[in-house]
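Results of the structural survey
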Amino acid sequence: MKRFGLIGAGGYIAPRHLKAIKETGNELVVAMDINDSVGIMDSYFPEAEFFTSFEEFAAFVEDLDQQGQKLDYIAIGSPNYLHLPHMKFALQNGIDVICEKPLVLNIEDLDTLTRYEKKYHARVNSILQLRLHPSIIELREKVQNAPSDKVFDVDLTYLTSRGKWYLKSWKGFDAKSGGVATNIGVHFYDMLHFIFGDIKYNEVHYRDAKTSSGYLEYERARVRWFLSIDGKHLPDNAIQGEKLTFRSITIEGEELEFSGGFTDLHTQSYQKMLAGEGYGVEDNRAAIETVDVMRKSILIENPLNPHPLLAKVINKPIKVAVQ
């Protein structure tokens, strides 16, 4: 049984970590969140210690070490901009990390993590759960078995409506979230890299607080992409539920079906990590570099490969090549 800490116990993703820790037969010793709405913990680890200040959490973790009860892992589901300092704390104390995506916001931060791993002899593990999805694995195998010179045409569309709260939270500030392309898109870019190989070209056609769109080229794919949290862009067949969502990935005009099968992917990720087969710092580099470029690049006007929905946000006709 491994001993866990959890930072971000009140967040959206926290229940998946609680479930994964429980289902892999391990123990949550202590959790922390600045918000105290963490009743979900009672369903999994009612005896776990809890703090609303990081300083108290850090002192408790360090005291455990002094008492010979050192944590084995700290799981991190805090806001994006806090991932790096929270991982550095864990590594400095010789504790392995399990961190949500995006692992960090900047390429330079990946190198910092690598230095900390070597200096303190602890490891960073990341949640890249789409790599474990059966449909993604199947598509990857299909691409690898295709003729070596085959380059696939791909359209990636992800629309997930968010209310006015979103832009007033940390997610609405690029310095804290990385912007829309990072916050809701980084796992898709990791998936594209996982399936289609190294990225060769990256251009951005549109970027504001709610929407981003552009074009990518990988070794084996040409990708037009469109991401938005603006409900105005949702099609009529958007999924009704907690929030209106539309997700579509087409390859050569054929829809990739991967709407289901997500329930246990965090648990599977934990199982791989505990077996020493988790995804580390370097596994994140391609996706982090991709969104870093997207955030800093100059916008391309009148692009040659626009996503079909781009016309909807720039309010003027565009020429879209048929794929």
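Structure's up top.
Residues numbered from 1 in each chain as written. Predicted model: local features only at pLDDT ≥ 70, side-chain atom pairs only at ≥ 80, totals over all residues. Heavy atoms only, no water.

Regarding the overall build of the protein chain
From N to C terminus, the protein chain includes twelve helices and twelve strands. Radius of gyration (C-alpha) of the protein chain: 20 Å, near the 20 Å computed for a compact globule of 323 residues. Residue pairs in contact within the protein chain that sit at least 24 positions apart in sequence constitute 69% of those at least 6 positions apart. As presented, the protein chain carries roughly 15,200 Å² of accessible surface, and 49% of it is formed by carbon and sulfur atoms. Distance between charge centroids for the protein chain: 4 Å, based on 37 positive and 45 negative side chains. (Helix = DSSP H or I, 4+ residues; strand = E, 2+ residues; numbered from the N terminus. Rg over C-alpha atoms; globule rule 2.2 N^0.38 Å. Contact = heavy atoms within 4.5 Å. Areas by Shrake-Rupley, 256 points an atom, 1.4 Å probe, with all protein chains shown as cover. Lys, Arg positive; Asp, Glu negative; His and termini not counted. Charge placed at Lys NZ, Arg CZ, Asp CG, Glu CD.)

As for the sheet that holds strand S5 (residues 96-99)
Read from one edge of the open sheet, six strands run S3-S2-S1-S4-S5-S6, paired in parallel fashion. Edge positions in the open sheet fall to strand S3 (49-51) and strand S6 (124-126), since each of these has one partner strand only. On average, each strand axis in the sheet is inclined to that of its neighbour by 20°, with strand direction left out of account. Bridging between strand S4 (residues 73-76) and S5 involves four bridges; their strand directions are parallel. Opposite isoleucine 74, over in S5, you have valine 97 as the bridge partner. Each of strand S1 (3-7), S4, S5 and S6 touches helix H10 (residues 265-274); the most contacted strand, S4, lies at about 150° to it. (Pairing = 2+ DSSP bridges. Axes fitted to C-alpha atoms, helices over the stretch in contact; angles between N-to-C directions.)

Notes on a positive patch on the surface
Residues Lys164, Lys168, Lys210 and Lys232 make up a contiguous surface patch of positive charge. The topology assignment puts lysine 232 in the loop between strand S10 (221-228) and strand S11 (245-251). Taking relative accessible area as the criterion, lysine 232 reaches 66% and is therefore assigned exposed. (Patch = residues over 30% accessible without salt bridge, like charges linked within 9 Å, V, L, I, M, F, W, Y side chains within 5 Å. Salt bridge = Lys/Arg side-chain N within 4 Å of Asp/Glu carboxyl O. Buried < 20%, exposed > 50% of the residue type's maximum accessible area, 1.4 Å probe, protein only.)

Quick notes on the environment of glycine 77
Within the secondary structure, glycine 77 is located in the loop between S4 and helix H3 (83-92). Overall, the relative accessible area of 18% leaves glycine 77 in the buried class. Glycine 77 sits 68 residues away from alanine 9 along the chain, and the two C-alpha atoms are 7.4 Å apart. When neighbours within four sequence positions are excluded, glycine 77 is seen to be in contact with Ile7, Gly8, Ile13 and Glu100.

Structural notes on the nonpolar core
The biggest cluster of nonpolar side chains holds 64 residues, and the ones touching the most others in it are Tyr189, Leu192 and Phe196. In terms of residue count, the dominant contributor to this core is helix H9 (residues 186-196) (eight residues). Excluding residues that lie within four positions of it along the chain, leucine 192 makes contacts with Val154, Leu156, Gly197, Leu216, Tyr218 and Val223. Counting residues in each nonpolar core, the second largest holds 19 residues, with Ile21, Val38, Ile127 and Tyr270 among its members. (Core = buried A, V, L, I, M, F, W, Y, C linked by side-chain atoms within 4.5 Å.)

Regarding the packing of helix H4 (residues 107-120) against helix H11 (residues 285-296)
Following both chains from N to C, one finds H4 and H11 inclined at 150°, their axes separated by 9 Å at the closest point. The pairing of H4 with H11 is recorded here as roughly antiparallel in orientation. Between H4 and H11, the contacting residues are Ile107, Leu110 and Asp111 on the first element and Arg285, Ile288, Glu289 and Asp292 on the second. Looking at side-chain class alone, the contact of H4 with H11 contains three nonpolar, no polar and four charged residues. (Parallel < 35°, antiparallel > 145°, perpendicular 65-115°, else oblique. Nonpolar A, V, L, I, M, F, W, Y, C, P; charged D, E, K, R; others polar.)

Notes on the pairing of strand S9 (residues 211-218)
Counting buried positions along S9 yields seven of eight residues, so the element is predominantly enclosed. Alignment of strand S8 (residues 199-207) against S9, held across seven bridges, turns out to be antiparallel. Each bridged residue has a counterpart across the sheet, and for arginine 207 the counterpart in S9 is serine 212. The hairpin formed by S8 and S9 contains three residues between the paired strands. In this sheet, S10 lies alongside S9 in antiparallel orientation, the contact comprising eight bridges. Bridge pairing links glycine 214 to tryptophan 225 in S10. The loop that links S9 with its antiparallel partner S10 comprises two residues.

Such coordinate-based values are descriptive only and should not be taken to indicate function.
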